[in-house]
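The lines below spell out each chain.
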Amino acid sequence: MLLPTGGGGMNSTMDDMNLIHQAQRHHLVVREIGEEIDLEIGPGDDDPSFSNNTLINVPPQESAVEELDESKQMMIHQASGGNQDLLKTQPAKKKKKVIKRWREEWADTYKWAYVDVKDGTARIFCSVCREYGRKHRRNPYGNEGSRNMQMSALEEHNNSLLHKEALRLQMASKDKIVVDKPIYVKALMSKTAGSIIEAALKRDPHELEFIQSVQEAIHALERVISKNSSYVSTMERLLEPERTIIFRVPWVDDRGETHVNRGFRVHFNQTLGPCRGGLRFHPSMNLSIAKFLSFGQTLKNALSPYRLGGSSGGSDFDPKGKSDGEVMRFCQSFMNELYRYLGPEKDLPSEEMGVGTREMGFLHGQYRRLAGHSQGSFTGPRVNWSGSSLRTEATGYGLVFFAQLILADMNKELKGLRCAVSGSGKIAMHVLEKLIAYGAVPITVSDAKGYLVDDDGFDFLKISFLRDIKAQQRSLRDYSKTYARSKYYDEAKPWSERCDVAFPCASQNEINQSDAISLVNSGCRILVEGSNMPCTAEAVDILRKANVLVAPSMAAGVGGVVAGELELKECNLNWSPEDFESKLQEAMKQTYQRALKAATDFGYQKESPEALVHGAVISAFLTVANGMVDQGCV
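Residues numbered from 1 in each chain as written. Predicted model: local features only at pLDDT ≥ 70, side-chain atom pairs only at ≥ 80, totals over all residues. Heavy atoms only, no water.

### Some words on the overall build of the protein chain
Our working definition: The numbering of helices and of strands both runs from the N terminus, where a helix is a DSSP run of H or I of at least 4 residues and a strand a run of E of at least 2. Contacts are residue-level and defined by heavy atoms, with any inter-residue pair within 4.5 Å sufficient. The method behind every accessible area is Shrake-Rupley, applied with a 1.4 Å probe, and residues are considered shielded solely by the protein chains displayed.
Assigned secondary structure in the protein chain consists of 23 helices and 15 strands. Restricting to contacts in the protein chain with at least 6 residues of sequence separation, those with at least 24 account for 70%. Accessible area for the protein chain stands at about 30100 Å²; split by element, carbon and sulfur atoms hold 50% of it.

Below is the structure:
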């Protein structure tokens, strides 16, 4: 080490060395103070403002150690120069830098976390195991904890069995689970109603879609529960499915390679009769979605003219891009397990997302082979081997009939109204057909990559062209090559287009908060739900505040139930389209009147934007609940 030279001699040299040692000691103190100050002044578990801080997707930062080394060299240089004033001012600057870098490093460390408010206090929850507590808190050792102690807490969390198991399940999933935000919990007027949601959250905290559907139902039932508290226990019993079936589905592709998928079937409630419900084949399919679909189907069937229970199910198998042979082998393997739970007096499945006539044909063929009989028919099969089936048209047509009933009560009609439709599957296409028949102007359809808008409106020729595009698995963008006045928008939804009536027919939660604002600004006044639970909880709040009248899928989608039962009971009859539509219109009218009557009975005005939503839930729930009470605790 080179010692400074000068007139001070040995004493000067010793003073300089002492100064250097003081600077080094002071540097260590700064590091500790920086961490402690950050813990004291930074927002923590008890600071409500902490919920506004983003802890996820923070870009990686450089190592804080490198910065400290550079600062250390700077401080030694200042000490050797003998500048006492700069040395005195250095700690204040150092504190700010360390605090900032420490905070950024913590944000980057906690990418596995998200923030939620629990009991009025902002907490950090684990994105994998969705728990919080001593192992999950930002500062588990109090404001005096050092960074090493903090990291020990993180290691303790990562090594916990709960976290490891959750992480293993996540990594085993084909699609990475991304937690965007915690469950949106609405405020309830009634503590009694709130207790039902709390119990559901405690029992099934990871099932986002199911909890969301439960919340919507409970909000509609607040007045019912406040008048009769005995319905609380009935609702809690209803929210637990009677039977949940989860099974593996092994199958072999065309190259001889084996694959395994997971199958689901939930018999939610059979109080009113045998189960009926759809099958969905989609990569996102899981238990939460199966439960939310079967819960909604239970209420929908109870609202229909028939005495039926509710079920739903499917698999995370993706039929897109698969050959007929691969789909057949998968469907046969799927039915090998499921057939023992099916039958006319048990449960019969119907088409849903990803399940069309091809899939239903393979499923029914294997069921007939295993069961040894053809009693009962799966709804929606091919016409040439199951009589005259209008099942696929029924849901889409029923949505338009329901919209016409709403408008008729307003002394209006569909003719001339601009209608925005999402989706481009069976339901969406039949909605377009019937809208055109009523003189409306449907202007949009969509797929997973974007949406197509034709300001001139679709006609029957254009719909036929759209069907050809979908059958050939081409993009909707190809439509614009033929019709120049149309336009296709990538990575967008159709809800910003000017419209009077909206028909979401794609998937659950397709309309979020910003989409709802776009709908309101676009002039939409009626929303008819074609898909199950198409609006997020935040979107529902926006639509209600803007007085947009919502026709719930529970009521507007009854057409599929009606056609399925007519097909099952009268499968040997050849219906004319006129007879079919007459029966369907009458069933939709009965459903509409039942929902409105239940709403008015509990004090909701007919003109209220939530009258149909609440009325449908109330009518369906009372039908099921009264049956459950009559049958005892079973």
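We are not done yet, so read on.
### Side note on the side chain of glutamate 207
Here is the rule: Any residue under 20% of the maximum accessible area for its type is buried, any over 50% is exposed, and the rest in between are partly exposed; the area is computed with a 1.4 Å probe on protein chains only.
Mapped onto the elements, glutamate 207 comes out in the loop between α6 (191-203) and α7 (208-220). By relative accessible area, which is 11% here, glutamate 207 ends up buried. Aside from chain neighbours lying at most four places away, what touches glutamate 207 is Leu287, Ser288 and Lys291.

### Concerning the pairing of strand β10 (residues 444-447)
Quick note on the threshold: Strand pairing is assigned whenever DSSP detects at least two bridges linking the two strands.
Bridge count for β10 against strand β11 (residues 450-454) is four bridges, and the pairing is antiparallel. Bridge pairing in β11 links serine 446 to tyrosine 451. Two successive antiparallel strands, β10 and β11, enclose a turn made up of two residues.

### A word on the packing of aromatic side chains
Threshold: Stacked, tilted and edge-to-face are the three classes assigned to paired rings of Phe, Tyr and Trp, where Trp is represented by its six-membered ring and a pair needs centres within 6.5 Å; plane angles under 30 degrees give stacked, over 60 edge-to-face, the rest tilted.
By the definition in use, this model includes 19 aromatic pairs. Measuring from centroid to centroid gives 6.3 Å for phenylalanine 210 and phenylalanine 295, while their planes differ by 80°, and the two rings are edge-to-face. With phenylalanine 210 in helix α7 and phenylalanine 295 in helix α10 (residues 287-303), this residue pair connects regions lying 85 residues apart in the sequence. Per residue, the accessibility class of phenylalanine 210 equals that of phenylalanine 295, and both read buried. Plain terms: the ring middles of phenylalanine 247 and phenylalanine 334 are 5.3 Å apart, the flat faces sit at 55° to each other, and that makes the pair tilted.

### Remarks on the pattern of salt bridges
Put simply, the rule is: Only one rule defines a salt bridge in this text: a Lys or Arg side-chain nitrogen within 4 Å of an Asp or Glu carboxyl oxygen.
Applying the stated criterion across every chain yields a total of 24 salt bridges. For arginine 358, the salt bridge identified is with aspartate 324, shortest N-O distance 2.9 Å. With arginine 358 in helix α12 (residues 357-371) and aspartate 324 in helix α11 (residues 324-338), this pair connects stretches of sequence that are 34 residues apart. For arginine 358, a relative accessible area of 23% translates into the label partly exposed. A network of salt bridges, in which partner residues are shared, links Asp204, Glu207 and Lys291.

### Concerning helix α9 (residues 231-238)
The condition is simple: It is the directions from the helix axis to the C-beta atoms that the arc portrays.
Taken together, the buried positions of α9 are Tyr231, Val232, Thr234, Met235 and Leu238. The buried residues of α9 occupy an angular sector of 160° when the element is viewed end-on, so they sit on one face.

### Focus: the sheet that holds strand β8 (residues 418-421)
If you trace the five strands from one edge of the open sheet to the other, you get β9-β8-β13-β14-β15, paired in parallel fashion. In the strand order of this sheet, the two ends are held by β9 (441-442) and β15 (549-551), each with one partner. Where strand β14 (residues 526-528) and β15 come together, three bridges link them in parallel fashion. Along β15, the bridge assignment pairs valine 528 with alanine 551.

### Section: the sheet that holds strand β12 (residues 486-490)
Stated precisely, the cut-off is as follows: Helix axes are fitted to C-alpha atoms over the stretch in contact, other axes to C-alpha atoms as well, and angles between N-to-C directions run from 0 to 180 degrees.
On the basis of which strands lie adjacent, the open sheet formed by three strands has the order β10-β11-β12 and antiparallel pairing. Strands at the two margins of the open sheet, each flanked by one partner only, are β10 and β12. Going from strand to strand, the sheet's axes swing by 15° on average, the running direction of each strand aside. Of the pairings in the sheet, the one linking β11 to β12 comprises five bridges and is antiparallel in character. Along β12, the bridge assignment pairs valine 453 with lysine 487.

### Regarding unusual backbone geometry
In this structure, glutamine 473 takes a positive phi of about 55° despite not being glycine. Mapped onto the elements, glutamine 473 comes out in the loop between α16 (460-471) and α17 (477-482).

### Focus on the confidence of the model for the protein chain
Detailed conclusions should not be drawn from predicted coordinates in areas where pLDDT is low. As a reminder, the rule being used: Scored from 0 to 100, pLDDT records how confident the predictor is in each individual residue.
This prediction gives the protein chain a mean pLDDT of 78; 67% of its residues lie at or above 70. Contacts of residues 381-388 to residues separated by more than four positions or lying in other chains number 17 contacts, the stretch itself having pLDDT below 50.

### Topic: the packing of helix α21 (residues 558-569) against helix α22 (residues 577-601)
What counts, and what does not: Orientation labels follow simple angle bins: below 35 degrees gives roughly parallel, above 145 gives roughly antiparallel, 65 to 115 gives roughly perpendicular, and whatever is left gives oblique. Two helices that cross are described as forming a left-handed crossing if the nearer one is turned anticlockwise from the farther one by less than a right angle, and a right-handed crossing if clockwise. The classification used treats Ala, Val, Leu, Ile, Met, Phe, Trp, Tyr, Cys and Pro as nonpolar, Asp, Glu, Lys and Arg as charged, and all other residues, Gly among them, as polar.
Their axes nearest at 10 Å, the elements α21 and α22 cross at an angle of 130°. With respect to each other, α21 and α22 are oriented oblique. Our pair here, α21 against α22, has a crossing hand that is right-handed. Two secondary-structure elements touch here, α21 through Val558, Gly559, Val562, Ala563 and Leu566 and α22 through Phe580, Lys583, Leu584, Ala587, Met588 and Thr591. Residues belonging to the contact of α21 with α22 are distributed by class as follows: eight nonpolar, two polar and one charged.

### With respect to α16
Which entries qualify depends on this criterion: A helix is expected to span 1.5 Å multiplied by its residue count minus one. Definition of a polar contact: a pair of N or O atoms within 3.5 Å, with one able to donate and the other able to accept a hydrogen when the atoms are protein atoms, and with sequence-neighbouring residues admitted only if both atoms are side-chain atoms.
Its twelve residues give α16 an end-to-end C-alpha distance of 16 Å, which sits within 8% of 16 Å, the value for a rise of 1.5 Å per residue. Those residues of α16 that are buried lie in contact with α15 (426-437), β10, β11 and α17. For α16, the N-terminal capping position is held by aspartate 459, with its side-chain oxygen 3.2 Å away from the main-chain nitrogen of leucine 461. Glutamine 473 occupies a position one or two residues after α16 and carries a positive phi of about 55°.

### Describing the pairing of strand β6 (residues 309-315)
Here β6 lies mainly inside the structure; seven of its seven residues are buried. Both faces of β6 are covered, namely the face carrying Gly309, Ser311, Gly313 and Ser315 and the face carrying Gly310, Ser312 and Gly314. Taken together, the six bridges between strand β4 (residues 258-269) and β6 define a ladder with antiparallel strand orientation. Looking at β6, one finds that glycine 263 is bridged to serine 315.

### A few points about the side chain of serine 531
Along the chain, the position of serine 531 falls in the loop between β14 and α19 (537-545). At 3.4 Å, the side chain of serine 531 and the backbone oxygen of serine 507 are in polar contact. Ignoring any residue separated from it by four or fewer positions in sequence, one finds serine 531 in contact with Pro504, Cys505, Ala506, Ser507, Glu510 and Ser553.

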